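If you want the building blocks of each chain, they are given just below.
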Amino acid sequence: MTKTIDAVQDQFETFQILSEDGEVVNESAMPNLSDEDLQELMRRMVYTRIWDQRAISLNRQGRLGFYAPVAGQEASMLGTHYALDKEDWILPGYRDIPQMVFHGFPLTQAFLWSRGHFQGGQIPEGVNVLMPQIIIGAQIIQAAGVGFGLKKQGKKNVCITYTGDGGASQGDFYEGLNFAGAYRANTIFVVQNNRFAISVPVEKQSAAKTIAQKAVAAGIEGIQVDGMDVLAVYAATQQARERAVSGEGPTLIETLTYRYGPHTMAGDDPTRYRTKDLDNEWEKKDPLVRFRKFLEKKNLWSEEQENKVVEEAKEDIKAAIKKADGAPKQKVTDLIGFMFEDLPFNLREQLEEYTAKESK
């Protein structure tokens, strides 16, 4: 039995294209991206890092509500997203706001969602995203259904969903993979393994050596990717997408990554469960540093370009938060009014009661 398990686990070697020094170590796997594409990937990662820094500051000022930091996971998030088509669907977890915004979800509404404002959940027409799922792993089952729907409709599009390593310990995770595998749904499951489910290390969550190998039980493709290597992440996702739209079924992608900040800004203290040595080890793998070195060697990135992106991000965030500040104050009647098309009698009574209160 042990030999059988080892044989399976050994199949899932970490897929990598760039070393920590930005050197290409897997030339044959290099994706066919133009110079402009490479620069755009870097622009998005720098933009997101600045956005993350500003969001943390805004949260501490009391100007944002719930926020889950993303620094360290930019390559995992934006590399997967860059391989998608505009018509593909994203079912995010609560940390996956950057993918939503680069898919067309307005930054102002992302801020309003963080504040719990109802306008933050009003997704614009043509933006194929669902609201971030707070319940751990619940989006996995939903993504299996959406991917199956795309297949039934004959669409050459996919549904991609994200969770963390903690999400891979949920029952919904196994049910979603099993359903998607059985019906060969057009779904890509991404597990961003940042090594801690809040404070629980991945080694204490599962006896499996990799999360990617869990694809075997569902009869689907699985791959473990260096999640700090944006080119490897992009290439793996592009291949998974091609497989899905050609009828070959879903893929489970495990990205090995790290969040440099706390789990969320709601009181988590990572120093209580992470060592300084571990933090230092992963800081050396910073996805921005790695990709910057690669681009600089190709004369495709400069300090001037980076500074321009930094200023652009700051201005966009400033404008978006100002617009969010101008949103109408949320009322109880707003919440009641959006629940049903036809209100049941008990809510009609409550609507009348609160309408009277709010009119005073």
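The structure reproduced in this document is the subject of the present report. A quick note: this is a predicted structure, and the numbers were derived from the prediction, not measured. (Residues numbered from 1 in each chain as written. Predicted model: local features only at pLDDT ≥ 70, side-chain atom pairs only at ≥ 80, totals over all residues. Heavy atoms only, no water.)

For helix H10 (residues 276–283), the set of buried residues is Leu278, Asp279 and Trp282. For H10, the buried positions fall inside an angular range of 100° around the axis, keeping them on one side. Turned more than 90 degrees off the buried face of H10, the exposed positions are Lys276 and Asp277. Taken together, the buried residues of H10 touch strand E4 (196–197) and strand E7 (251–256). (Buried < 20%, exposed > 50% of the residue type's maximum accessible area, 1.4 Å probe, protein only. Helix = DSSP H or I, 4+ residues; strand = E, 2+ residues; numbered from the N terminus. Arc of directions from axis to C-beta. Contact = heavy atoms within 4.5 Å.)

Now for the nonpolar core. Core analysis: the largest hydrophobic core is formed by 72 residues, its most contacted members being Trp51, Phe111, Leu231 and Phe291. Counting residues per element, this core draws most heavily on helix H2 (residues 35–60), at 11 residues. Sequence-distant contacts of Leu231, defined by excluding residues within four places in its chain, comprise Ile17, Leu18, Met30, Pro31, Leu33, Leu38, Phe291 and Phe294. One finds Ile140, Phe173, Ala180 and Phe189 within the second-largest nonpolar core, a separate group that totals 14 residues. (Core = buried A, V, L, I, M, F, W, Y, C linked by side-chain atoms within 4.5 Å.)

As a volume, the largest pocket reaches approximately 310 Å³. Taken together, 22 residues make up the lining of the largest pocket; nearest its centre are Tyr94, Ile136, Thr163, Gly164 and His263. Elements with a contribution of two residues or more to the lining of the largest pocket: strand E2 (159–164) and E4. By residue number, the principal contributor to the lining of the largest pocket is E2, which donates 3 residues. Its residues placed into classes, the lining of the largest pocket shows 7 nonpolar, 12 polar and 3 charged. Looking at the second largest pocket, it is lined by 17 residues, and the ones nearest its centre are Asn193, Val202, Ala208, Lys209 and Thr210. Across the lining of the second largest pocket, the residue classes break down as 5 nonpolar, 6 polar and 6 charged. (1 Å grid on protein atoms, 1.4 Å probe; cavity = no way out; pocket = protein on both sides within 12 Å on 5 of 7 lines; lining within 4 Å. Points joined across faces, edges and corners; volume = space filled by probe spheres on them. Nonpolar A, V, L, I, M, F, W, Y, C, P; charged D, E, K, R; others polar.)

To find leftover empty space, a probe the size of one water molecule is rolled over the atoms. Under the defined criterion, the tally for this structure stands at 1 cavity of 30 Å³ or more. Space inside the largest cavity adds up to approximately 140 Å³. Elements with a minimum of two residues in the lining of the largest cavity: H2, helix H4 (97–102) and helix H5 (107–115). Looking at the lining of the largest cavity element by element, the count peaks at 4 residues for H5. Classifying every residue of the lining of the largest cavity gives 13 nonpolar, 1 polar and 1 charged.

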